[in-house]
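# Topology and contacts: notes
If you want the building blocks of each chain, they are given just below.
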Amino acid sequence: MCLTPKKEKKCVDVCDEVLEWNGRSLQGKTFEEVSEVVADSKHEPEVELVVSRFTGDTGGGGVRLWFAAQSLQLVVSIVGANDLPPKKSGHLRNPYAKLVLLPDRSEKSKRRTRMLAGTCDPMWKQRFVYSPLRRTEINLRTLEVSVWDFDQFGPNEFLGQ
């Protein structure tokens, strides 16, 4: 499992796999081909990434990020997660994802997907917008995404981030 110390967390971690760059697949491409795709987008007002993150016991997931410079919006799409471990009882999970745009932990920086009942492979396909956010602020902010299991009768269980 790839871990980054809390104070050094970034939106895209060194262990993440960038699958797409502005809609262009990077899978199976050489270093030179990837460099060319990135260079081609140098003057585009937005960059959209599709990232896959291995999260140890909690399987993989999908998060898409892009910054719309003209509207000063950071757009985050939470696609889903897969292979979440079942509960100790063997029952399926009731997962939801929480997002926080750090370092601000106030309510205006928090977002949450809907809870999906009875699944270890949730597909939320939800979009969240943080705005206004200037381009100069992007490097100072960190998006924290965590997955939780809803429990109607007790505390919710943290599954990973």
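Residues numbered from 1 in each chain as written. Predicted model: local features only at pLDDT ≥ 70, side-chain atom pairs only at ≥ 80, totals over all residues. Heavy atoms only, no water.

Rules: UniProt positions are given in the numbering used here, feature names are shortened, and annotations may be inferred rather than shown by experiment.
Under an unreviewed UniProt entry, the protein chain has the name C2 domain-containing protein and belongs to Notodromas monacha. Note on the protein chain: under the UniProt heading Subcellular location (unreviewed entry), the record states "Synapse".

### A few points about the overall build of the protein chain
Worth spelling out the cut-off: Strands here mean DSSP runs of E at least two residues long; helices mean DSSP runs of H or I at least four residues long; both are numbered from the N terminus. Exposure is judged per residue with a 1.4 Å probe applied to protein chains only, and the accessible area is read against the type maximum: over 50% gives exposed, under 20% gives buried, and values in between give partly exposed. Between two residues, a contact is recorded if the distance between any of their heavy atoms is within 4.5 Å.
The number of helices and strands found in the protein chain is two helices and 10 strands. The linear arrangement of helices and strands in the protein chain, starting from the amino end, is β-β-α-β-β-β-β-β-β-α-β-β. Burial statistics for the protein chain: of 161 residues in total, 37% are counted as buried. Within the protein chain, contacts between residues separated by at least 24 positions form 56% of all contacts whose residues are at least 6 apart in sequence.

### Some thoughts on the sheet that holds strand E9 (residues 142-149)
The strands making up a sheet associate through hydrogen bonds between their backbones, and the pairing can be parallel or antiparallel. What counts, and what does not: DSSP calls a pair of strands paired once it identifies at least 2 bridges connecting them. Axis angles are defined between N-to-C directions and span 0 to 180 degrees, where every axis is a line fitted to C-alpha atoms and, for a helix, only to the segment in contact.
In spatial order, the strands read E7-E6-E9-E10; together these four strands make up an open sheet with antiparallel pairing. Each having just a single partner strand, strand E7 (110-112) and strand E10 (157-160) make up the two edges of the open sheet. With direction set aside, neighbouring strand axes in the sheet form an average angle of 30°. In the sheet, strand E6 (residues 95-102) pairs with E9 via eight bridges, with the strands oriented antiparallel. Note on E9: the bridge partner recorded for Lys 98 is Ser 146.

### Description of the environment of Glu 144
Applicable threshold: Counted as a polar contact is a pair of N or O atoms within 3.5 Å, where, for protein atoms, one must be capable of donating a hydrogen and the other of accepting one, and residues adjacent in sequence contribute only when both atoms are in side chains.
Its place among the elements puts Glu 144 in strand E9. C-alpha of Glu 144 to C-alpha of Leu 99: the two residues are 45 residues apart in sequence and 5.6 Å apart in space. Setting aside residues no more than four positions away along its own chain, Glu 144 makes contact with Lys 98, Leu 99, Val 100, Leu 102, Arg 105 and Gln 161. Engagement of the side chain of Glu 144 in a polar contact is seen with the side chain of Arg 105, the distance being 3.4 Å.

### Looking at unusual backbone geometry
Across residues other than glycine, the phi torsion is negative in most instances, and most of the peptide bonds are trans. The omega torsion across Leu 102 and Pro 103 is 10°, close enough to zero to call that bond cis. Mapped onto the secondary structure, Pro 103 falls in the loop between E6 and E7. Pro 132 follows Ser 131 through a cis peptide bond whose omega is -10°. If you trace the backbone, Pro 132 turns up in the loop between strand E8 (123-130) and helix H2 (135-138). Even without a glycine there, the phi angle at Asn 22 is positive, about 50°. The residue Asn 22 is located in the loop between strand E1 (17-21) and strand E2 (24-25) in this model. You will see that Lys 125, though not glycine, has its phi angle at about 50°, which is positive.

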